[in-house]
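# Fold and geometry: a report
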Amino acid sequence: MDDWRLQGQEEYLKGITLRRATYRPYREGWDHDHCEFCGCKFSTRPGDQNEGYTTLDEYRWICQTCYEDFKAVFAWTIVSEPGT
Ligand SMILES: [Zn+2]
């Protein structure tokens, strides 16, 4: 698969568990994050990505488009609630 958005993420994102979630900052003082693939902006503001897929620690975010495009390659497991 040849795509400009792929830059070695399989080393840390392949086969992991993701959760669909509404964006919230990773920690106090942060106000946005970027999609791990396309770099689009996640924040709580209108016009940015407000929802997507996140690692269970909510450190990394993946937008809906990239999720759809890469889910077959990355073989993610999706959970609906933390810890399930
Ligand atoms: Zn993206």
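Above this text you will find the structure in question.
### Points about the overall build of the protein
Secondary structure summary: the protein contains 2 helices and 6 strands in total. Along its sequence from the N terminus, the protein presents helices and strands in the succession α-β-β-β-β-β-α-β. What you see for the protein is a C-alpha radius of gyration of 12 Å, in line with the 12 Å of a compact globule of 84 residues. The principal-axis extent of the C-alpha atoms belonging to the protein is close to 35 × 30 × 20 Å. Counting the 84 residues in the protein, one finds 35% classified as buried.

### Here we look at the nonpolar core
With 17 residues, the main nonpolar core has Cys35, Phe37, Ile62, Cys66 and Trp76 as its most contacted residues. At the level of secondary structure, the elements contributing two or more residues to this core comprise strand E1 (17-22), strand E5 (61-62) and helix H2 (64-74). When residues of this core are assigned to their parent elements, the largest contribution, 4 residues, is made by H2. The residues touching Cys35, leaving out its near neighbours within four places in the chain, are Cys40, Phe42, Trp61, Ile62, Cys63 and Cys66.

### As for the coordination of the zinc ion
Those protein atoms acting as donors to the zinc ion are Cys35 (SG), Cys38 (SG), Cys63 (SG) and Cys66 (SG), and they sit at 2.3 to 2.4 Å. Between the 4 donor atoms coordinating the zinc ion, the angles at the centre fall across 101 to 116°, so the site counts as tetrahedral. For the zinc ion, the single-chain donor residues occur in sequence as C-x2-C-x24-C-x2-C. The burial state of Cys63 is the same as that of Cys66; both residues are buried.

About the cut-offs
Residues numbered from 1 in each chain as written. Predicted model: local features only at pLDDT ≥ 70, side-chain atom pairs only at ≥ 80, totals over all residues. Heavy atoms only, no water. Helix = DSSP H or I, 4+ residues; strand = E, 2+ residues; numbered from the N terminus. Rg over C-alpha atoms; globule rule 2.2 N^0.38 Å. Buried < 20%, exposed > 50% of the residue type's maximum accessible area, 1.4 Å probe, protein only. Core = buried A, V, L, I, M, F, W, Y, C linked by side-chain atoms within 4.5 Å. Contact = heavy atoms within 4.5 Å. Donors = N, O, S within 2.8 Å, 3.2 Å for Na, K, Ca; no water. Tetrahedral: all angles 85-135°; square planar, octahedral: opposite > 155°, others 65-115°.

Remember, this is a structural readout, not a statement about activity or role.
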